[in-house]
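Residues per chain are reported as follows:
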Amino acid sequence: MVARFMSLKEAVASCVKDGDTISMEGFTHLIPHAAGHEIIRQGIKDLTLIRMTPDMIYDQLIGAGCAKKLIFSWGGNPGVGSLHRLREAVQENWPHKLEIEEHSHAAMANAYDAGAAGLPCAVFKGYRGAELPRVNPNIKFIKCPFTGESLAAVPSIRPDVTVVHAQKANKKGDVLFEGIVGVQKEAVLAAKKSIVTVEEIVDDFGDISSNAVMLPNWAVTAIVEIPGGAHPSYAQGYYKRDNAFYKAWDPIARDREAFQAWIEEHVMNGGPEDFAAKREANKG
Amino acid sequence: MVEYTPTEMMTVSAARALKNDDVCFVGIGMPSAACNLARLTHAPDITLIYESGTIGTKPDVLPLSIGDGELCETAVNTVPVPEMFRYWLQGGKISVGFLGAAQLDKFGNINTTVIGDYDNPKVRLPGGGGAPEIATSCGEVFLVMKQSKRGFVEKIDFVTSLGHGKGGDDRASYGVDTKGPSRLITDLCIMEPHPVGKQFIVTSIHPGVTREEIIENTGWTVEFADEVAETAIPSEKELQVLRELHARTAKAHAGQQ
């Protein structure tokens, strides 16, 4: 099955359902915010959300009541402070109780890698002397069968759906990522289905390195063209990270009513077409 | 007379800890300012690595996040995040990890996870991120943190990242063979671990700071080295470079929308 070009509404409706385990990756760069909004608009519930850095995208999904569980490794607003919706869900059970499974970055990066590699678990030198293994039963230690060395093990990540954003797809549906590529390739290859939103669809990629990070069209389920679809994250070569908005998010997310008003205005009454203007406004 | 703030004294002291040939895994916030100050002053060839996968980055402004575009655009190369943690960090290629903390104990164990009980926290902090493995896989660890009784505590609420554990050779009992926290730079002083017990002892006091101030702002019983140095004040060059860096950063992060 090769990737199909779809509208965002169609892609989310056909790939994501209540109760799914979903990974929306992008390490600071290329975070699929427009797709996150679509999941909120479609009222999808009981999701297990996986992301190394929940960031603003999961703060929104959690505050909007889409999440049952969060698997993560660093839950802050980078350089700004807390993710207040995540924090309130954990501290006050608002809008409802949120189960959390917490790891380190190394554990999650290894778990995505293992998921893409078809392994049941990841093995690495981690969590030594750290306390997370006490509170997370999904962290165990095994003995190397050759050296006897104690190694950390975590289950591999194998989402029902992975959603990522990339710079370009070509007309055949192959996808090109550039810049900070994070764990996007691993997250897509580890998942049963995948949605890739892109800045633009081009005839061909032109003069790119033969080592460029690509996903061939048969490794992706759905492709959606959304200019600016990563805002307020960024797409290298298209627009900069909107650091001012990451700062502005703090007071919005701090207050339940301000948050709900923001979601109503920008998500429930908005759409993927709104993102193009954000791209223009943040061109470097 | 050069005037400077305690935070500037801290950042400058932290920067001086780095050498030109270091390969440094940089935490965001205070460590990032110190590491880039070092690069812009006495250590122009230092390799700065951020966990977003950027190796040998030379940002003109401080990144707000560990993955700002500036880091990638000025890097020697950018690798996928699994590669960063597996080959470069776990593989033992990094000489120094530079970290901050929310809570710290006298053995350099770090809490960035919760204040209070894990399942019923008073304050839910962001969590470990890269730190648990940075703390054990880098050759040594420098810590930078403003000193306060709330932050410098006898017992941290959660051990996010291992320092010297319970002291002595406890760190090695976890199978860790790296040096661990070797320097703690605060806005009042510099501490280094006792060679045997591994508890932090004050080895240098910043000019104008008294021993009483250090004691008042520390939750554990402070120990002073037999010979305590006075930290050299920031030079005009160090202050100028640091202030220009902060000014460029503030300008770059304002006004977008």
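Scoring rules and cut-offs
- Residues numbered from 1 in each chain as written.
- Chains lettered and ligands numbered in written order.
- Predicted model: local features only at pLDDT ≥ 70, side-chain atom pairs only at ≥ 80, totals over all residues.
- Helix = DSSP H or I, 4+ residues; strand = E, 2+ residues; numbered from the N terminus.
- Buried ≥ 20, exposed ≤ 12 C-beta atoms within 10 Å, placed from the backbone.
- Pairing = 2+ DSSP bridges.
- Right-handed = clockwise from strand over helix to strand, strands pointing away.
- Domains from an automatic or database assignment.
- Contact = placed C-beta atoms within 7 Å.
- Arc of directions from axis to C-beta.
- Nonpolar A, V, L, I, M, F, W, Y, C, P; charged D, E, K, R; others polar.

- In the nomenclature of an unreviewed UniProt entry, chain B is known as 3-oxoadipate:succinyl-CoA transferase of Thalassospira profundimaris.

- The name an unreviewed UniProt entry gives chain A is CoA-transferase, with Thalassospira aquimaris as the organism.

1. Remarks on the overall build of chain A
Then comes step 1: Tallying secondary structure elements over chain A gives 10 helices and 15 strands in all.
Then comes step 2: Overall, chain A is about 55 × 50 × 35 Å in size when its C-alpha atoms are taken along their principal axes.
Then comes step 3: Put simply, chain A has 284 residues, and 55% of those count as buried.

2. Considerations on the pairing of strand β1 (residues 23-26) of chain B
Residues in a regular strand point their side chains to alternate faces of the sheet.
Residue and element names in this part refer to chain B.
Then comes step 1: The pairing of β1 with strand β2 (residues 47-50) spans three bridges and is classified as parallel. Counterpart to Val23 in the pairing with β2 is Thr47.
Then comes step 2: Viewed along the sheet, the connection from β1 through helix α2 (residues 30-40) into β2 turns out right-handed.
Then comes step 3: In the sheet, β1 pairs with strand β5 (residues 96-99) via three bridges, with the strands oriented parallel. What sits directly across from Cys24, in β5, is Val96.

3. A look at the domain arrangement of chain A
Accessible area lost during the coming together of the parts is what is often quoted as the interface size.
Residues and elements named next belong to chain A.
Then comes step 1: You can read the domains of chain A as domain 1 (4-48 + 158-281) and domain 2 (106-155).
Then comes step 2: Centre-to-centre, using C-alpha coordinates, domain 1 lies 29 Å away from domain 2.
Then comes step 3: Taken together, the contacts link six residues of domain 1 with five residues of domain 2.

4. Some details on helix α1 (residues 8-15) of chain A
Residue and element names in this part refer to chain A.
Then comes step 1: Restricting attention to buried positions, one finds in α1 the residues Leu8, Ala11, Val12 and Cys15. For α1, the angular spread of buried residues about the axis comes to 90°, placing them on one side.
Then comes step 2: Elements in contact with the buried residues of α1: α2 (33-41), β11 (161-170), β13 (193-202) and β15 (222-225).

5. Re the interface of chain A and chain B
Then comes step 1: Each side of the interface is counted separately: chain A has 50 residues, and chain B has 46 residues.
Then comes step 2: Secondary structure elements with two or more residues in the side of chain A that touches chain B: α4 (84-92), α5 (105-116), α6 (132-135), α7 (184-190) and α8 (243-254) of chain A.
Then comes step 3: By residue number, the principal contributor to the side of chain A that touches chain B is α5 of chain A, which donates six residues.
Then comes step 4: Considered class by class, the residues forming the side of chain A that touches chain B number 20 nonpolar, 18 polar and 12 charged.

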